[in-house]
Amino acid sequence: MMTHGRALWACGALVLAAATFHCDVGIERGYATPDLSADSDYDLGPPPDQTALPAPTITALAPPLGSNAGGTKLTITGSGFQAGAEVTVAGAPCSAVTIVGPTSINCTTPARPLSCGAANVVVTNPDAQSASSDLFAYGPRTLTFLPGTSIPNGAASRSAVFADFDGDGNNDVANLSAAVAGVAAVAVHLGKGDGTFAATRNTQLAAGQDPAAMAVGDLNADGAPDLVVILNASSTAPLLLALLGQKDGTFKQVSGGPVTLTKSSAPAAVAIAAADNKTKPYVVVAGTVGSKASIDVLQSDGAGSLSMLTQAPVAGGLTGASHLALADLYGN
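How each quantity is defined
- Residues numbered from 1 in each chain as written.
- Predicted model: local features only at pLDDT ≥ 70, side-chain atom pairs only at ≥ 80, totals over all residues.
- Heavy atoms only, no water.
- Helix = DSSP H or I, 4+ residues; strand = E, 2+ residues; numbered from the N terminus.
- Buried < 20%, exposed > 50% of the residue type's maximum accessible area, 1.4 Å probe, protein only.
- Contact = heavy atoms within 4.5 Å.
- Areas by Shrake-Rupley, 256 points an atom, 1.4 Å probe, with all protein chains shown as cover.
- Disulfide = S-S within 2.5 Å.
- Pairing = 2+ DSSP bridges.
- Axes fitted to C-alpha atoms, helices over the stretch in contact; angles between N-to-C directions.
- Salt bridge = Lys/Arg side-chain N within 4 Å of Asp/Glu carboxyl O.
- Polar contact = N/O pair within 3.5 Å; in protein donor to acceptor, adjacent residues only side chain to side chain.

S.K.: What should I look at first to understand the overall build of the chain in this one?
M.R.: Secondary structure assignment for the chain yields 1 helix and 26 strands. Across the 332 residues in the chain, those meeting the buried criterion constitute 34%. Contacts in the chain between residues at least 24 apart in sequence constitute 43% of all its contacts with a sequence separation of at least 6. Counting every atom, the chain has about 19,000 Å² of accessible surface; 57% of that belongs to carbon and sulfur.

Below you can see the structure in the form of structure tokens.
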């Protein structure tokens, strides 16, 4: 485009007249004119998609157990893993991280000396989104034991169980003896938390009662471990005694005294199982009825008192039961 004009000087004044100005000098002088079409570097179309990627998830860890010396080849399965993701195990970096794809990562676990148990595995993507799982645990490369600690258990010891009976966070051991100074008793040895034990707390049972077996659990939902004890197992009227923990290593008998096991003879083992609502646990006793192994089931009333629910023979026609263990075999 051209515009014409001329500048004149007259008596010291500037007078505008015709002259020529060129606005398209680039074209006139042969310079390239910028391309503003849609396919050039000056594209003014919509910006690229900035939608955030989904957060990662962890669905499985294999193997589930590794040595606390480190070096376990860990495979992490899940979704949303991005290139450059980082992995930590129990807060320490996992080495040799390989992002196989968005659903799989391989790495080598770090060492965690003198530790056992679940270790949190965390995958963190470059966009700072992360996922964690505690499905991996550390264990020792070899299983060894420190020298044992001897605990006095009185005469005619019958059974022993572990629990925190005084509420200090350390495991204590309760020992059931048939005769301590002529009287049956439960002796609780208070743990120091280092494998040794300090003071002992004794709870005496009634005279003439012959204890046979013992189990620990919470019968009255107060958070303190309680005990159930089989008494007079060889008599025609065996008993089941509930002892309520006092959170100091001692116990008191539940009101009403022992329950007579009228449907069982020669009871040999006992266990406590939490009910679905966790407030009224069951007590299970293994014994013999008519020369056949049997199971008695009692239930706490929520305060520790027990009442008989049912009795059933053990399948297979077994002639006796001497031990008992509880487990959820059906996942229900």
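Read on for the rest.
S.K.: What is the right way to read the state of the cysteines from this model?
M.R.: Disulfides are covalent bonds that connect the sulfur atoms of two cysteines. Enumeration over the complete set of coordinates arrives at 1 disulfide. Across the disulfide, Cys94 is cross-linked to Cys107 (sulfur-sulfur distance 2.1 Å). Here Cys94 and Cys107 share a disulfide; its torsion about the S-S bond, 80 degrees, makes the bridge right-handed. Note that Cys94 is positioned in the loop between strand E9 (92–93) and strand E10 (95–101) and Cys107 in strand E11 (residues 104–108), a separation of 13 residues in sequence. Judged by relative accessible area, which is 3%, Cys107 ranks as buried.

S.K.: Quick question: what am I supposed to make of the environment of Gly302 here?
M.R.: Inspection of the secondary structure assignment puts Gly302 in the loop between strand E25 (292–300) and strand E26 (306–313). Distance from Gly302 to Asn220, taken between C-alpha atoms, is 4.9 Å for residues 82 residues apart in sequence.

S.K.: What exactly am I supposed to notice about the sheet that holds strand E13 (residues 130–139) here?
M.R.: Strand pairs in the sheet, formed through backbone hydrogen bonds, run parallel or antiparallel to each other. An order of E6-E13-E12-E8-E9 is seen for the 5 strands of this open sheet, with the pairing classed as mixed. Two strands in the sheet have a free side with no partner beyond their single neighbour: strand E6 (65–67) and E9. Taken together, the 7 bridges between strand E12 (residues 117–124) and E13 define a ladder with antiparallel strand orientation. Paired with Val123 across the two strands is Ala131, which belongs to E13.

S.K.: What is the right way to read unusual backbone geometry from this model?
M.R.: Residues apart from glycine generally show negative phi values, whereas peptide bonds are mostly found in trans. With an omega dihedral of -5 degrees, the bond running from Ala62 to Pro63 counts as a cis peptide bond. Its place among the elements puts Pro63 in the loop between strand E5 (57–62) and E6. Unusually for a residue other than glycine, Leu114 sits at a positive phi of about 60 degrees. Checked against the element boundaries, Leu114 lands in the loop between E11 and E12. Owing to a relative accessible area of 88%, Leu114 belongs among the exposed residues under this scheme. Positive phi, close to 65 degrees, is recorded for Lys247, a residue that is not glycine. Tracing the chain through its elements places Lys247 in the loop between strand E20 (239–245) and strand E21 (251–253). Judged by relative accessible area, Lys247 falls into the partly exposed class, the value being 47%.

S.K.: Even after reading the chapter, I still don't get the sheet that holds E25, so can you show me in this structure?
M.R.: Read from one edge of the open sheet, 4 strands run E23-E24-E25-E26, paired in antiparallel fashion. Strands at the two margins of the open sheet, each flanked by one partner only, are strand E23 (265–273) and E26. When the angles between neighbouring strand axes are averaged without regard to direction, this sheet yields 25 degrees. As judged from the 7 bridges shared by E25 and E26, these two strands associate in the antiparallel manner. The partner of Gln299 across the bridge, within E26, is Ser307.

S.K.: Would you mind showing me how to read the pattern of salt bridges here?
M.R.: Pairs can form between side chains of opposite charge once their charged atoms are near each other. Overall, the coordinates contain 1 salt bridge when judged by the stated rule. Two residues, Arg158 and Asp210, come together in a salt bridge whose shortest N-O distance is 3.7 Å. Pair noted here: Arg158 is in strand E14 (residues 155–163) and Asp210 is in the loop between strand E17 (197–204) and strand E18 (211–217), with a separation of 52 residues, a long-range link. Under the relative-accessibility criterion, Arg158 is labelled partly exposed at 39%. The exposure class of Asp210 is partly exposed, given its relative accessible area of 33%.

S.K.: Explain the side chain of Ser300 to me, please; I cannot follow it from the model alone.
M.R.: By secondary structure assignment, the location of Ser300 is in strand E25. Within the structure, Ser300 has its side chain in polar contact with the backbone nitrogen of Gly304 (distance 3.3 Å). Those residues in contact with Ser300, other than ones at most four positions away along the chain, are Leu219, Lys280, Pro281, Ser305 and Leu306.

S.K.: Even after reading the chapter, I still don't get the environment of Leu324, so can you show me in this structure?
M.R.: Mapping Leu324 onto the fold places it in the segment after E26. A residue is classified by how much of its surface remains accessible, and Leu324, at 24% relative accessible area, is partly exposed. Dropping the residues within four chain positions of it, Leu324 is found in contact with Ala269, Val270, Ala271, Val284, Val285, Ala286 and Ile295.

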